[in-house]
Amino acid sequence: MNNKIDDLKKIYDDIEIPENLDEAVNSALRKGEGKMKKGNRRWLKGSGIAAAIIIAATIGINTMPVFANTLISVPGVGRLVKILQFNNGEGNGGKVTDGADVNLIRIKSYKNSESILINFAKNEKAATISPSYKVEYNTNPYTLTFTISGARKLNAESYFEDLKKSKYISDVYKLMTLDDSMVRFTVVLKEPVKYEVKEYKEPAYLEVNLKEDNAKDETMYSIRTASQPFGEGIGQVEEILYNEKGIRMLKDSKGTFCMETGIYKSYEEAENKLKEFKEKYGAQLNLSIEERKGTDIPKPLD
């Protein structure tokens with residue numbers, strides 16, 4: 001069975017899917033209809049193939065849940081639920097649930113963009129609706145952070161290395177989370193991007209479209225903690241800072257982790273905020289200011 005699933009994944013990975021799938025399918029159907037009127041039934045082997053793929057995919061979803069998971073590489077399969085609206089770089093969606101698995105992540109490349117496709121499962125079958133989730137976009141470094149509530153597995157972690165083949169992605173890593181009913185991971189981007197997140201159901205997945213952005217790279221000043229290994233220690237530091245706005249867990253260039261309490265446009269502003277944090281938390285946190293350009297990864301600090 002596993003070999004068959006791998007073969008299906010390869011087949012669908014190799015299919016060239018147009019960026020505007022609906023328009024392409026409708027165009028194929030119109031062309032096919034015209035040729036059928038002329039008595040030429042060979043259109044099924046040519047322009048009608050896109051429609052055939054969708055029909056076959058729909059049958060597969062309804063009859064074999066495992067098959068639905070292989071279709072994560074085919075954007076447009078599933079029903080669009082919403083396009084996320086972002087406020088200060090943050091958007092959310094999904095439904096409150098439990099026991100979900102973020103089981104598969106793929107990259108699909110187009111001519112001028114790429115899509116990250118994030119698939120959800122439950123009880124080892126394709127989930128019909130997405131669990132509650134949050135997506136956050138930040139700069140210096142450019143990151144997309146995904147928080148999936150009601151999820152207890154992140155089997156998609158095995159695909160993280162594949163995502164680094166993207167022209168936009170430099171790293172992907174899991175975040176330490178003390179809540180066992182939540183999983184989180186961060187996608188580190190090589191450059192600023194324009195992003196759009198779509199939520200689908202039946203099967204449930206997210207499509208995160210990335211396009212080049214000509215935004216200006218700015219130097220910013222981060223207030224951050226010392227570095228420490230991935231584990232409960234960094235999770236406990238995050239809990240101390242839980243009520244602060246703008247906190248972010250980041251992996252540094254050595255592979256250890258730090259907590260960022262905020263990022264500021266000037267050193268003076270960061271210095272004033274640092275004084276406030278030190279008065280508030282005292283010896284609980286070892287905080288310092290780090291200057292970073294847009295794509296800079298945090299440095300390891302003791």
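The structure displayed is predicted, hence computed values, not measured ones.

## Examining the sheet that holds strand β2 (residues 90-93)
In space, the 5 strands of this open sheet follow the order β2-β6-β7-β10-β9, with antiparallel pairing throughout. If you trace the sheet from one side to the other, it starts and ends with β2 and β9 (169-174), each paired once. Shown here is a sheet whose adjacent strand axes are inclined to one another by a mean of 15°, direction ignored. Across 4 bridges, β2 lies against strand β6 (residues 133-138) in antiparallel orientation. Bridge pairing links N92 to K134 in β6.

## Describing the sheet that holds strand β14 (residues 248-251)
Ordered by their spatial adjacency, 4 strands build an open sheet running β14-β15-β13-β16, and the pairing between neighbours is antiparallel. The open sheet has two free edges, formed respectively by β14 and β16 (287-292), since each of these has just one partner strand. For this sheet, the mean angle separating the axes of adjacent strands, direction not counted, is 40°. As judged from the 4 bridges shared by β14 and strand β15 (residues 257-264), these two strands associate in the antiparallel manner. Bridge pairing links R248 to E260 in β15. Docked against the sheet, helix α6 (residues 232-240) engages β13 (220-225), β14 and β15, running at close to 30° with respect to β15. Relative to β16, helix α7 (residues 267-281) is tilted by about 160°, and along the sheet it contacts β13, β15 and β16.

## Some points on the environment of T145
Residue placement: T145 occurs in strand β7 (residues 143-149). Taking relative accessible area as the criterion, T145 reaches 8% and is therefore assigned buried. With residues near it in sequence (within four places) discarded, T145 still touches K134, V135, E136, L175, F185 and T186. Here T186 takes part through its side chain, which lies 3.0 Å from a polar atom of the side chain of T145.

## Comments concerning the side chain of E238
Within the element layout of this structure, E238 appears in helix α6. We classify E238 as buried; its relative accessible area is 16%. Those residues within four positions of E238 in sequence are excluded, and the remaining contacts are M176, R184, I247, M249 and M259.

## Examining the pattern of salt bridges
This structure, assessed with the given rule, holds 15 salt bridges. Among the ionic pairs, K164 bridges to E161, the shortest N-O distance being 2.8 Å. The exposure class assigned to K164 is partly exposed, which follows from its relative accessible area of 29%. You can call E161 exposed: its relative accessible area is 52%. E244 is the salt-bridge partner of K280, the closest N and O atoms lying 2.5 Å from each other. Of this pair, K280 sits in helix α7 while E244 sits in the loop between α6 and β14; the two residues are 36 residues apart in sequence, bridging distant segments of the chain.

## Overview of the nonpolar core
The biggest cluster of nonpolar side chains holds 35 residues, and the ones touching the most others in it are I118, F185 and L189. Judged by nonpolar contacts, the second largest core, of 22 residues, contains M176, A270, L287 and I289.

## What about α6?
Inspection of α6 places I234, G235, V237 and E238 among the buried residues, and these make up the whole buried set. Projection of α6 onto a plane perpendicular to its axis shows the buried side chains occupying an angular sector of 155°, all on one side. In this structure, α6 carries E232 and E239 as exposed residues pointing more than 90 degrees from its buried face. Those residues of α6 hidden inside the fold are in contact with β10 (182-189), β13, β14 and β15.

## Brief notes about α7
In this model α7 runs 21 Å from its N-terminal to its C-terminal C-alpha over 15 residues, within 8% of the 21 Å that 1.5 Å per residue would give. For α7, the set of buried residues is A270, L274, F277 and Y281. End-on view of α7: buried residues confined to an arc of 65°, all on one side of the axis. In α7, the exposed positions angled more than 90 degrees off the buried face are occupied by E268, K275 and E279. Each element contacted by the buried residues of α7 is listed here: β13, α6, β15 and β16. Once α7 finishes, G282 follows within two positions and takes phi at roughly 55°, a positive value.

Definitions and cut-offs
Residues numbered from 1 in each chain as written. Predicted model: local features only at pLDDT ≥ 70, side-chain atom pairs only at ≥ 80, totals over all residues. Heavy atoms only, no water. Pairing = 2+ DSSP bridges. Helix = DSSP H or I, 4+ residues; strand = E, 2+ residues; numbered from the N terminus. Axes fitted to C-alpha atoms, helices over the stretch in contact; angles between N-to-C directions. Contact = heavy atoms within 4.5 Å. Buried < 20%, exposed > 50% of the residue type's maximum accessible area, 1.4 Å probe, protein only. Polar contact = N/O pair within 3.5 Å; in protein donor to acceptor, adjacent residues only side chain to side chain. Salt bridge = Lys/Arg side-chain N within 4 Å of Asp/Glu carboxyl O. Core = buried A, V, L, I, M, F, W, Y, C linked by side-chain atoms within 4.5 Å. Arc of directions from axis to C-beta. Expected span 1.5 Å × (residues − 1).

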